[in-house]
Amino acid sequence: MPVLIADLDTSLVQAALAGDQQSFRQLYRRHHAKVRATLFQLCGADGIDDLVQEVFLRAWKGLAKFRQTAQFSTWLYRIAWNVAYDRRRAIAQHKERYATVEEDVLHQVADPHSSEELHKMHYRNLVSQGLAQLSFEHRSVLVLHDLEELPQKEISTILGVPVGTVKSRLFHARSQMRQFLVNKGVEL
């Protein structure tokens with residue numbers, strides 16, 4: 001009988017709480033990519049490794065406080081959102097600026113002269129610019145729902161807002177993103 005993902009996470013959390021560091025390493029391996037992708041969408045590539053490390057460090061330190069009635073992934077997304085929020089607040093205080101095209105995207109382009117690759121890079125750049133135009137609250141909902149494909153109820157839990165607020169923010173975020181792309185000449 002296959003073990004459900006949530007059941008496996010619960011077993012790993014319990015083992016980690018009992019002192020098994022390998023279990024926490026498994027949790028890290030299972031959730032690292034999703035946490036990294038979410039942080040990238042919320043904060044960009046600058047300092048992404050430090051942000052991921054901060055999320056898992058907070059998770060390790062707070063594991064004893066984790067209510068095992070919730071899903072580990074939901075709890076971890078909440079930590080990631082808090083880390084991203086703290087990062088964005090610090091950036092706003094120091095008035096740092098982010099580049100719209102990250103070096104990582106440029107390195108991924110196999111052939112810079114390929115029109116298809118250039119088109120993809122341009123589209124990614126436009127999406128990054130559009131996300132940067134959204135408020136952090138709207139951006140968070142759009143990233144979690146449309147890019148990470150989380151259900152609205154789980155997003156509600158992660159962000160600590162009612163489902164209706166998630167729906168409203170998602171509607172407005174999509175509308176703003178659509179308008180941004182149309183203004184940039186993208187046909188939808």
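This one's a predicted model, so the numbers in the text were calculated from it and none came from an experiment.

*Asks:* Would you mind showing me how to read helix α9 (residues 163–183) here?
*Replies:* One full turn of an α-helix is made of 3.6 residues, so residues set three or four places apart face in the same direction. Along its 21 residues, α9 runs 30 Å from first to last C-alpha, staying within 8% of the 30 Å computed at 1.5 Å per residue. When we look at burial in α9, the residues that qualify are V166, L170, A173, M177, F180 and L181. Looking down the long axis of α9, one finds its buried residues gathered within 100 degrees of arc, a one-sided arrangement. Every exposed residue of α9 that faces more than 90 degrees away from the buried side is listed here: F171 and N183. Just past α9, the residue G185 takes up positive phi, approximately 90 degrees.

*Asks:* Sorry if this is basic, but what is going on with the packing of helix α8 (residues 152–159) against α9 here?
*Replies:* The angle between the axes and the distance between the axes are what describe a pair of packed helices. At a minimum axis separation of 8 Å, α8 and α9 run at an interaxial angle of 105 degrees. When the interaxial angle is binned, α8 and α9 end up roughly perpendicular. Where α8 abuts α9, its residues Q152, K153, I155, S156 and L159 lie against V163, V166, K167, R169 and L170.

*Asks:* Would you explain the nonpolar core in this entry?
*Replies:* Most often, soluble globular proteins keep nonpolar side chains buried together rather than apart. Membership of the largest hydrophobic core comes to 46 residues, with the highest contact counts inside it found for L39, V55, F72 and L159. With nine residues, the top contributor of residues to this core is helix α4 (residues 72–94). Excluding its chain neighbours within four sequence positions, the residues that come into contact with L39 are G44, I48, L51, V52, V55, A80 and A84.

*Asks:* Can you help me understand the packing of aromatic side chains in this one?
*Replies:* Taken as a whole, this structure holds eight aromatic pairs when the rule is applied. Consider the rings of Y85 and F136, whose centres lie 5.7 Å apart with planes at 55 degrees: the pair is tilted. One end of the pair, Y85, is in helix α4; the other, F136, is in helix α7 (residues 136–147), and 51 residues separate them in sequence. For F136, a relative accessible area of 8% translates into the label buried. Here the aromatic cluster, defined as three or more aromatic residues joined through ring pairs, consists of F66, F72 and W75.

*Asks:* What is the right way to look at the environment of W75 in this model?
*Replies:* By secondary structure assignment, the location of W75 is in helix α4. Separated by 83 residues in the primary sequence, W75 and I158 place their C-alpha atoms 6.8 Å from one another. When residues no more than four places from it in sequence are discounted, the contact partners of W75 are A59, G62, L63 and F66.

Criteria and cut-off values
- Each chain carries its own residue numbering, running from 1 in the written order of its sequence.
- Local features are withheld for residues below a pLDDT of 70 in this predicted model, meaning they are given only at 70 or higher, and side-chain atom pairs are given and counted only at 80 or more; totals for whole chains, interfaces and linings count all residues.
- Heavy atoms throughout the structure, all of them, feed into the side-chain values; hydrogens and water do not.
- In this text, helices come from DSSP runs of H or I with a minimum length of four residues, and strands from runs of E with a minimum of two, each type numbered from the N-terminal end.
- Given the number of residues in a helix, its expected span is that number minus one, multiplied by 1.5 Å.
- Burial classes: relative accessible area under 20% of the type maximum marks a residue as buried, over 50% as exposed, and values in between as partly exposed (1.4 Å probe, protein chains only).
- Picture the helix axis, draw a direction to every C-beta atom, and the arc is the one those directions span.
- For every element, the axis is a line fit to its C-alpha atoms; helices are fit only across the contacting stretch, and the angle between N-to-C directions ranges from 0 to 180 degrees.
- Any angle that is under 35 degrees is reported as roughly parallel, and any over 145 degrees as roughly antiparallel; angles of 65 to 115 degrees are reported as roughly perpendicular and all others as oblique.
- Contacts are residue-level and defined by heavy atoms, with any inter-residue pair within 4.5 Å sufficient.
- By convention a nonpolar core is built from buried Ala, Val, Leu, Ile, Met, Phe, Trp, Tyr and Cys residues, the set being connected through side-chain atoms within 4.5 Å.
- Two aromatic rings, drawn from Phe, Tyr or Trp (for Trp, its six-membered ring), form a pair once their centres lie within 6.5 Å of each other, and the interplanar angle then sorts them: stacked below 30 degrees, edge-to-face above 60, tilted otherwise.

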